[in-house]
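Close look at the chain arrangement
Here are the chains, one letter per residue:
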Amino acid sequence: LKMSSHGEPEVLLDKVGRAGVITMNRPKVLNALNLTMIRQILPQLKKWENDAETDIVIIKGAGGKAFCAGGDIRAVTEAGKVGDSLAQDFFREEYTLNNTIGSFKKPYIAFIGGITMGGGVGLSVHGRFRVATEKTLFAMPETAIGLFPDVGGGYFLPRLQGKLGLFLALTGFRLKGRDVQRAGVATHFVDSVKVLHLMVNLGRSVKAAVRSHVHFKVDFIAVLSKMSPTSLKITYRQLQAGATLSLQEVLVMEYRLSQACMRGCDFYEGVRAVLVDKDQSPKWNPSTLEEVSEQSVDECFSSLGEKDLTL
């Protein structure tokens, strides 16, 4: 197992009775998902899926603050700048993991207490059960960094009630606590003090709380004006297309989009402005929606031929 800087494994893989337990163990960076972690989780899931001694799989985050705050995006843009293969490998292997979770034959239970964004959503939302707590903070904030809501966002977002998914995708709006379950992102809601008790007694069923409407207070136009215009147009079309595709087909489409973002400039600029320099003032190019041509959006969705993702 790869050790993180403080000498602990980045992922803990345990058997507790008949449950396989995955713990993302990088609490100092809010359990951000890197390629090493993906490469440990994926083969273990396959093993547990076919293992007669394992009935369920549980995934959780260490440290109490986050389930997983997202993928290690900064490493990906650094790789992209110097032509390192991580820019392909990360997305390819992450999306393969998302697909494995989506088609997992045994109950897969994600405890999404704390921050669950981007790549962390991909590790949870495609599984059969997602348990939120009052500390859950969900978002797909990719349009703010010149990316798009990937990890299968094109599949699960258009399937939320009404136009909720499109709203979450374009604005990066944060859902908190019980709203995560009301929106349909989580399947269950449990107070965090009871989570441990629930894990121990997972054989029993958990009654879903009654769904009700989520209310938003947000200045829609002002929020969108801060986002990458290219990202907004890609995302709009991604969700439109994804509404009628399978998860596998969506991930193939999203891999094409990821590579388009690696070829473009907004993803690098967004990461610089939000994660590196933290000046929060990205200079998008093109800088307005009007300047993003339909043709340039079409190109993002075009096949990569033999470089396409195969699942």
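Residues numbered from 1 in each chain as written. Predicted model: local features only at pLDDT ≥ 70, side-chain atom pairs only at ≥ 80, totals over all residues. Heavy atoms only, no water.

Moving on, we get to the packing of aromatic side chains. Applying the stated criterion across every chain, the model contains six aromatic pairs. Look at F167 and F173: their rings are 5.3 Å apart centre to centre, the planes differ by 45 degrees, and that puts the pair in the tilted class. Neither residue differs from the other here; F167 and F173 are each classed as buried. Among the aromatic side chains, those forming a connected cluster through ring pairs are F90, F91 and Y95. (Phe/Tyr/Trp six-rings, centres within 6.5 Å; stacked < 30°, edge-to-face > 60°. Buried < 20%, exposed > 50% of the residue type's maximum accessible area, 1.4 Å probe, protein only.)

To continue, consider the sheet that holds strand β8 (residues 137-139). Across the sheet, which stays open at both edges, the four strands sit in the order β4-β6-β8-β9 with mixed pairing between neighbours. The outermost strands of the open sheet, each flanked by one partner alone, are β4 (66-68) and β9 (175-176). Across two bridges, β4 lies against strand β6 (residues 115-117) in parallel orientation. Each bridged residue has a counterpart across the sheet, and for C68 the counterpart in β6 is T116. (Pairing = 2+ DSSP bridges. Helix = DSSP H or I, 4+ residues; strand = E, 2+ residues; numbered from the N terminus.)

All chains considered together, the criterion is met by 14 salt bridges. A salt bridge links R92 to D89; the nearest nitrogen and oxygen atoms lie 2.9 Å apart. Of this pair, R92 and D89 both sit in helix α3 (residues 86-102), separated by three residues, roughly a single helical turn. The shortest N-O distance in the salt bridge between D298 and R237 comes to 2.5 Å. Linking D298 in helix α13 (residues 294-300) with R237 in helix α10 (residues 229-242), this pair joins segments that are 61 residues apart in sequence. Looking at D298, the relative accessible area reads 40%, which means it is partly exposed. Classification of R237 by relative accessible area gives partly exposed; the value is 22%. (Salt bridge = Lys/Arg side-chain N within 4 Å of Asp/Glu carboxyl O.)

In globular proteins that are soluble, nonpolar side chains generally tend to be buried together. Of all hydrophobic cores here, the largest spans 77 residues; its most connected members are L45, L123, F138, L168 and F267. With residues up to four places along the chain from it excluded, the contact list for L123 reads M24, L33, I59, F67, C68, L97, N98, I101, Y108 and A110. By size, the runner-up hydrophobic cluster in this structure holds eleven residues, among which are A19, I56, I109 and F111. (Core = buried A, V, L, I, M, F, W, Y, C linked by side-chain atoms within 4.5 Å. Contact = heavy atoms within 4.5 Å.)

Mean pLDDT for the protein: 92, with 92% of residues reaching 70 or above. Scored below 50 in pLDDT, residues 203-213 shows 14 contacts in the model against residues more than four places distant or in partner chains. (pLDDT = per-residue confidence, 0-100.)

It is at 10 Å that the axes of helix α6 (residues 164-171) and α10 come closest, and there the two elements cross at 155 degrees. Accordingly, the angle class assigned to the pair α6 and α10 is roughly antiparallel. Crossing handedness for the pair α6 and α10: right-handed. The residues of α10 that touch α6, namely those facing G165, L166, A169 and L170, are L232, T235, Y236 and L239. Classifying every residue of the contact of α6 with α10 gives six nonpolar, two polar and no charged. (Axes fitted to C-alpha atoms, helices over the stretch in contact; angles between N-to-C directions. Parallel < 35°, antiparallel > 145°, perpendicular 65-115°, else oblique. Left-handed = near helix turned anticlockwise from the far one by under 90°. Nonpolar A, V, L, I, M, F, W, Y, C, P; charged D, E, K, R; others polar.)

In the sheet, strand β1 (residues 11-16) pairs with strand β2 (residues 19-24) via six bridges, with the strands oriented antiparallel. Looking at β2, one finds that L13 is bridged to I22. In textbook terms, the turn of a hairpin is the stretch between consecutive antiparallel strands, and for β1 and β2 this stretch comprises two residues, one of which, G17, has a positive phi near 60 degrees.

Pairing is mixed in the open sheet, where six strands are placed in the order β1-β2-β3-β5-β7-β10. The open sheet has two edge strands, β1 and β10 (188-189), and neither has a second partner. Relative to β1, helix α1 (residues 35-49) is tilted by about 20 degrees, and along the sheet it contacts β1, β2, β3 (56-61) and β5 (108-111).

Mapped onto the fold, K106 is located in the loop between α3 and β5. Within the buried core, K106 has no salt-bridge partner, and the shortest N-O distance to an opposite charge, that of D55, equals 5.9 Å. Looking at K106, its side chain comes within polar contact range of the main-chain oxygen of W48, at 2.8 Å. Only 2.7 Å separates the side chain of K106 from the backbone oxygen of T54, close enough to count as a polar contact. (Lys, Arg positive; Asp, Glu negative; His and termini not counted. Polar contact = N/O pair within 3.5 Å; in protein donor to acceptor, adjacent residues only side chain to side chain.)

Looking only at helix α12 (residues 266-276), the buried set comprises D266, F267, Y268, E269, G270, V271 and A273. Tucked into the core, α12 has its buried residues touching α2 (73-81), α3, α10 and α11 (247-263). Backbone geometry just after α12 places K278 at a positive phi near 55 degrees.

We now examine the environment of L245. Mapping L245 onto the fold places it in the loop between α10 and α11. For the pair formed by L245 and G154, sequence separation is 91 residues and the distance between their alpha carbons is 8.7 Å. Among all residues touching L245, those that are not within four sequence positions of it are Y155, R159, V250 and M253.

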